[in-house]
Amino acid sequence: MASVLDPRKLQNVVKQGFIRARHYRKARAMFIKAYVGQYYAKKYGLVGDEPINLIFHTIRALIPNLIMKNPVNEVTTENVAHREYAYLMSLATDWIDRQIDLKEILRYGTVDACFGIGIFKTGLAQGGTMINFGDELIDQGQVYTDNVDLDDYIFDPTCRKLRKAMFEGDRNRIPRQILLDDSQFNHDLVMKLPSSRHPDATRKVEAISTSGMSNSEMIELQDMVDVVELFVPGADALITIGDPEQIIMDDFLAAREYYGPKEGPYTKLAVTQPVPGNPLPIAPVGIWYDLHHVAGETMKKMVDQIKRQKDVAIVDPAGADEAEDIRTSSDGDMVFGSPDTVKVVSFGGANDKNVGAMSALQTWYNYMSGNPDQMAGIAAGAKTATGQSILQANQTVTIEDMRDMVYDCSAEINRKMAWYLHTDPLIDIPFSKRQPGGEYMQLQLTPEQKQGDFLEFTFTIKQRSMSRLDPAVRSKRIEMFATNIVPALAMTAQITMQMGIPFNLQEAITDLARENDILDEVEDWFIDPTFMQRIQLQMSLGPQPAGKASLNPKAVQQNGGSPMARKMMGPQGEQNQNFQEGYPNQGQETFEGVR
């Protein structure tokens, strides 16, 4: 238990943990400052100082491609008898995700991961487990997941991997009175805590928007203090101490037994590969930052050149009157005089070499950042087909790798929340499940339905469940499903039936609709209570002579498939077709069927 830990030694080690990540946090603050731009925390700025923000453009394109909806959980087990309970657990975790709006929490954490590492904290909103102050969306006793800012996150300063850290925790700013009202805290030590005035506050990310603001009014309104809550796996304990960068005490503020999954309350998200021998990942923005900065300076130089451009009329003094007539004349007027009297000369203007350099910088930025232009729906990229192909391949690899990392992190978060549901002796969560035909069935998760050991269940996220399918793409998939897949499956079912081979047509239709992410739209197409009866009757009759209007399988095969089928495009073909869509190409879209 926590009694084996020396309080003063532990607080000194925690202080060293904050110091170890100081440079990493400073670089993160610099990246975020570049991301928000000069107008985020200022009333005004110099126009033209930051004419282009590639970091903002990248993150704006990246996050919607990764997360746009709450995840759909899939809980599985190798124990067949417990699969019904695993299905109920899937519905329960989906329900919690909607209750706490996990989508926004994951989006916040993924943005944080672009600047370093995203950190999530999972627990129960009740006394004696996690300090949770100020979130009105979380009720007492509810399972929750929240974001932890890297400026407040602390880990073992000697560890090489975060999952092997001797301890980890986070700093919380909380009213002193809440600690005094909790009987588990040492009230004498709570009274010795200094008011919340962190010495490193000016270098934290929050200083971007709070610079020059005084906290004295807030302190007078409510006495706030800084405490650090630590999870110590070796002692299986949660320990609360004062912020060691402000004060080191002779004892803990509180020491409690940890109640939660063995992995601990913290889940980390990195969207880059690990760094050998170091616990913190590479910040992707750190790789893009220099190109972003150089592109911004080059663009500013081009804007200054454009602003300096001017047309000046050089006039022979002898023709001053004629020049004045030219200056004051209107369009279409006639001016009498010699045309050689006035000569217009242009000065300044953008340098064509700088324009080419700017284009090259943006292309290189696309190479390094995974082609955010294409993710944002912008077809522009490299000037050559080879270069564009490289950009597309880079986008596919990097975005899928990031998506897998985000989905794995989401699955781990949901697994920890499900642990609290599995161990809750009073759990009672209602669900409604849609049945074929549009009717709903009432389900209930109660302690009586609990089965098996929690370790036997595997938690995953349904692929692409957090991505939103474009309505135009969805319409095309439904059209392709109706004209290609359904006739092909029906013909396959007929052929296999005549051969005496069992074939589950409805299951095949359902699986392919699920793979195309249109199951909700088409699952009610084939609802017929007598369908299986008709199938069994036809199988009992055996092969029948073909009539005039029947479909001859051999003829269909000879003609290359069903006459209703349309050619299916691959992913690259669909992508190229999307590039060509729009108002200027409506004529091409109209004649799509005659190609």
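Keep in mind it's a predicted model, so treat the numbers as computed, not measured.

1. A short note on helix α3 (residues 54-66)
Helical geometry: 3.6 residues make up each α-helical turn, so side chains three or four residues apart lie on a common side.
Right, so step 1: Between the first and last C-alpha of α3 there are 19 Å, a value that for 13 residues agrees with the 18 Å anticipated at 1.5 Å per step.
Right, so step 2: Within the span of α3, buried status applies to Leu-54, Ile-55, His-57, Thr-58, Ile-59, Ala-61, Leu-62, Ile-63 and Leu-66.
Right, so step 3: For α3, the side-chain oxygen to backbone nitrogen distance between the N-cap and Ile-55 is 3.3 Å, and the N-cap itself is Asn-53.

2. A look at the pattern of salt bridges
Right, so step 1: For the structure on display, the rule yields 20 salt bridges.
Right, so step 2: Residues Arg-22 and Glu-245 are paired through a salt bridge, measuring 3.3 Å at the closest nitrogen-oxygen approach. Here Arg-22 is found in helix α2 (residues 22-36), whereas its partner Glu-245 is found in the loop between β7 (237-242) and β8 (254-257), with 223 residues between them in sequence.
Right, so step 3: We classify Arg-22 as partly exposed; its relative accessible area is 25%.
Right, so step 4: Classification of Glu-245 by relative accessible area gives buried; the value is 16%.
Right, so step 5: For the salt bridge of Glu-400 with Arg-403, the shortest nitrogen-to-oxygen distance reads 2.8 Å. Here Glu-400 pairs with Arg-403, and both are found in helix α14 (residues 385-422), just three residues apart, close to one helical turn.

3. Considerations on the packing of aromatic side chains
Right, so step 1: Summed over all chains, the structure comprises twelve aromatic pairs.
Right, so step 2: Seen in terms of ring centroids, Tyr-35 and Phe-115 are 5.3 Å apart; in terms of plane orientation they differ by 55°. Their pairing is tilted. Here the residue Tyr-35 occupies a position in helix α2, and Phe-115 occupies one in the loop between α5 (102-114) and β2 (118-124), the gap between them amounting to 80 residues.
Right, so step 3: Judged by centre distance (5.9 Å) and plane angle (70°), the ring pair of Tyr-259 and Tyr-420 falls under edge-to-face. Remark: Tyr-420 occurs in helix α14 and Tyr-259 occurs in the loop between β8 and β9 (266-269); sequence separation between them is 161 residues.
Right, so step 4: What makes Tyr-259 partly exposed here is its relative accessible area of 34%.
Right, so step 5: Among the aromatic residues, ring-to-ring pairing joins Tyr-35, Phe-56 and Phe-115 into one connected group.
Right, so step 6: Against the face of Phe-18 rests Arg-171, its NZ or CZ located 4.3 Å from the ring centre.

4. Considering the nonpolar core
Right, so step 1: In this structure, Ile-55, Tyr-153, Val-285, Leu-421, Phe-431 and Leu-445 are the most contacted members of the largest nonpolar core, which totals 82 residues.
Right, so step 2: With 13 residues, the single largest contributor to this core is α14.
Right, so step 3: Not counting residues up to four positions away in its chain, the partners in contact with Phe-431 are Leu-88, Leu-91, Ala-92, Trp-95, Met-441, Gln-442, Leu-443 and Leu-445.

Procedures and definitions
Chains are numbered independently. Their residues run from 1 in the order of the written sequence. In keeping with the predicted nature of the model, local features appear solely for residues at pLDDT of at least 70, side-chain atom pairs appear and are counted solely at 80 or more, and the whole-chain, interface and lining totals rest on all residues. With hydrogens and water stripped out, all remaining heavy atoms of the structure feed into the side-chain values. Runs of H or I in DSSP of at least four residues are treated as helices and runs of E of at least two as strands, each being numbered from the N terminus. Helix span, expected: 1.5 Å multiplied by one less than the number of residues in the helix. Throughout this description, buried means an accessible area under 20% of the type-specific maximum (1.4 Å probe, protein chains only), exposed means over 50%, and partly exposed covers the range between. Polar contact criterion, stated in full: a pair of N or O atoms within 3.5 Å, where within protein one must be able to donate a hydrogen and the other to accept it, and residues adjacent in sequence count only if both atoms are side-chain atoms. The term salt bridge refers to a side-chain nitrogen of Lys or Arg lying within 4 Å of a carboxyl oxygen of Asp or Glu. Classification of ring pairs rests on two measures: the distance between centres of Phe, Tyr or Trp rings, Trp counted by its six-membered ring, which must be within 6.5 Å, and the angle between planes, read as stacked under 30 degrees, edge-to-face over 60 and tilted in between. Our definition puts a charge over a ring when NZ of Lys or CZ of Arg is within 6 Å of the ring centre and also within 35 degrees of the ring normal. Put simply, buried Ala, Val, Leu, Ile, Met, Phe, Trp, Tyr and Cys residues joined by side-chain atoms within 4.5 Å make one nonpolar core. In this analysis, two residues are considered to be in contact whenever any of their non-hydrogen atoms come within 4.5 Å of each other.

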